[in-house]
Amino acid sequence: MPTSHRPAATSERMPFIDALKAVGSQLIVLHHLAFYGPMSDWTHQLAPGLVGWFSQHARIAVQIFLVVAGFLAARSLAPGGRLRTERPLALLWQRFLRVSLPLMAALLLAMVCTEIARYWMTHDSLPAPPTLWQFVAHALLIHSVLGVDSLSAGVWYVAIDVQLYALLLGLLWLEQRATRRSGALAPLLVVAMVLASLFHFNRDSDWDNWAIYFFGAYGLGALAYWVSRADSGRRAPAWLVGMVLLTALALALDWRTRIALALCVALALAWAHRSGWLFTWPRSRALSYLGRISYGVFLLNFPVALVVNAWFTRYASPDAWVQTLGVLVAWLACNLAGAAFHHGVEQRVGQLGRAAPAR
């Protein structure tokens with residue numbers, strides 16, 4: 001099924017992306033369960049290799065979300081390569097509301113969960129008691145750049161997501177103002193920013209609180225969307241080869257597994273979009289649902305896991321098998337809490353940021 005036969009509505013379900021988000025979110029949950037809390041120390045005795053891999057390497061799944069976010073941003077903002085709104089600041093405000101309002105609700109729940117966990121156990125994975133300034137900095141999504149201690153694991157990504165969206169939106173706006181051609185310059189600006197990220201900024205961890213550090217993966221996602229459109233015609237293979245060669249050159253200069261994964265995800269998205277599988281595969285209700293609730297799971301998995309860790313530390317037997325059962329309970333609780341948050345909070349407050357963009 002060629003992509004040109006598919007409707008352009010950005011609200012259409014994409015099972016392929018739902019599956020990527022489902023897998024990515026579960027890897028992040030398992031990473032947090034392996035990295036934080038005392039239960040994982042007991043599980044490590046039973047499966048040291050598995051726990052070690054989840055603790056040190058599963059966080060690479062963040063690259064999946066970066067590439068998918070870039071792909072969807074390009075699809076929403078400029079499906080033809082040219083910004084389709086005259087009000088970019090309104091779009092940026094909508095994006096801010098869509099991610100920050102659920103974040104604030106999740107942080108309030110996280111603070112309650114942390115205090116419950118603190119009552120049952122003492123452990124270095126527990127965040128310090130929060131201050132008003134911490135909460136305000138998180139609500140404004142500036143906690144990372146100001147060096148404010150995080151109230152929950154993983155919330156840095158929310159701030160980076162908005163920064164990346166703003167950066168792509170700014171590049172598209174510059175192209176809109178600079179030329180009257182139909183999106184000819186925008187992909188070139190994105191390519192230039194991707195190269196700047198891959199060859200310089202992404203190699204220096206001092207930049208990891210800023211969008212430019214992550215734009216290599218995000219920009220690959222945006223480029224994957226544009227080159228996989230049906231109307232890209234004969235140009236698509238050349239652009240795809242260029243993406244691979246330039247990314248390979250950056251990796252030859254400085255190997256980064258995270259960038260290699262980002263390239264693989266971008267190519268998979270381009271292929272799925274070009275072939276039509278983006279809208280048709282996999283046909284799994286479980287993966288589709290896990291993909292839909294992935295943001296809620298992402299926001300709540302750390303505080304929920306802390307509470308389960310604390311309960312098992314206080315009341316359960318200090319036995320490796322019992323504590324490993326606690327890890328499984330925590331994994332299930334994280335998904336149930338994420339689902340409840342998605343339906344009870346995220347969908348409701350997120351509507352404030354879903355107004356149709358002005359054309």
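Here the structure is a predicted model, which is why all the values come from computation and not from measurement. (Residues numbered from 1 in each chain as written. Predicted model: local features only at pLDDT ≥ 70, side-chain atom pairs only at ≥ 80, totals over all residues. Heavy atoms only, no water.)

**Describing the packing of aromatic side chains**
What the rule picks out here adds up to 18 aromatic pairs. When the centroid spacing of 5.5 Å and the interplanar angle of 45° are considered together, the rings of W277 and W281 count as tilted. W281 sits in the partly exposed class, given a relative accessible area of 43%. Ring centres of W311 and F312 lie 5.3 Å apart, and the angle between their planes is 70°; on these two criteria the pair is classed as edge-to-face. (Phe/Tyr/Trp six-rings, centres within 6.5 Å; stacked < 30°, edge-to-face > 60°. Buried < 20%, exposed > 50% of the residue type's maximum accessible area, 1.4 Å probe, protein only.)

**Observations regarding the pattern of salt bridges**
Applying the stated criterion to the full structure yields six salt bridges. Among the salt bridges present, the one from R177 reaches E86, with a minimum N-O distance of 3.7 Å. You can see R177 sitting in helix α7 (residues 156-178) and its partner E86 sitting in the loop between α4 (62-77) and α5 (88-120), a full 91 residues away along the chain. R177 sits in the partly exposed class, given a relative accessible area of 47%. (Salt bridge = Lys/Arg side-chain N within 4 Å of Asp/Glu carboxyl O. Helix = DSSP H or I, 4+ residues; strand = E, 2+ residues; numbered from the N terminus.)

**Focus: helix α1 (residues 15-35)**
The first and last C-alpha atoms of α1 sit 30 Å apart over 21 residues, in line with the 30 Å expected at 1.5 Å per residue. The buried fraction of α1 is high, at 16 of 21 residues. Trailing α1 by a residue or two, G37 shows a phi angle of about 90°, which is positive. (Expected span 1.5 Å × (residues − 1).)

**As for the side chain of R82**
Its location among the elements puts R82 in the loop between α4 and α5. Polar side-chain contacts of R82 include one of 3.3 Å to the backbone oxygen of Q176. (Polar contact = N/O pair within 3.5 Å; in protein donor to acceptor, adjacent residues only side chain to side chain.)

**Remarks on the packing of α1 against helix α11 (residues 257-275)**
Running from amino to carboxyl end, α1 crosses α11 at an angle of 160°, the nearest separation of the two axes being 10 Å. By the angle class used here, α1 and α11 are roughly antiparallel. In this structure, the crossing between α1 and α11 has a hand that is right-handed. For the pair α1 and α11, the contacting residues are F16, I17 and L20 in the first and V265, A268, L269 and A272 in the second. Of the residues assigned to the contact of α1 with α11, the class counts are seven nonpolar, no polar and no charged. (Axes fitted to C-alpha atoms, helices over the stretch in contact; angles between N-to-C directions. Parallel < 35°, antiparallel > 145°, perpendicular 65-115°, else oblique. Left-handed = near helix turned anticlockwise from the far one by under 90°. Contact = heavy atoms within 4.5 Å. Nonpolar A, V, L, I, M, F, W, Y, C, P; charged D, E, K, R; others polar.)

**Side note on the nonpolar core**
Counting residues in hydrophobic clusters, the biggest one holds 91 residues, and the most contacted among them are L168, W226, L269 and L278. For this core, the leading source of residues is helix α9 (residues 211-227), giving 13 residues. Sequence-distant contacts of L168, defined by excluding residues within four places in its chain, comprise A73, A74, L77, V190, F215, Y218 and W226. Within the second largest apolar cluster, seven residues are counted, among which are A117, M121, F302 and A310. (Core = buried A, V, L, I, M, F, W, Y, C linked by side-chain atoms within 4.5 Å.)

**Looking at the confidence of the model for the protein**
Per-residue pLDDT for the protein averages 91, and the proportion of residues at 70 or more is 92%. Segment residues 1-10 is flagged for pLDDT under 50; beyond a separation of four residues in sequence, or across chains, it makes 21 contacts in the model. (pLDDT = per-residue confidence, 0-100.)

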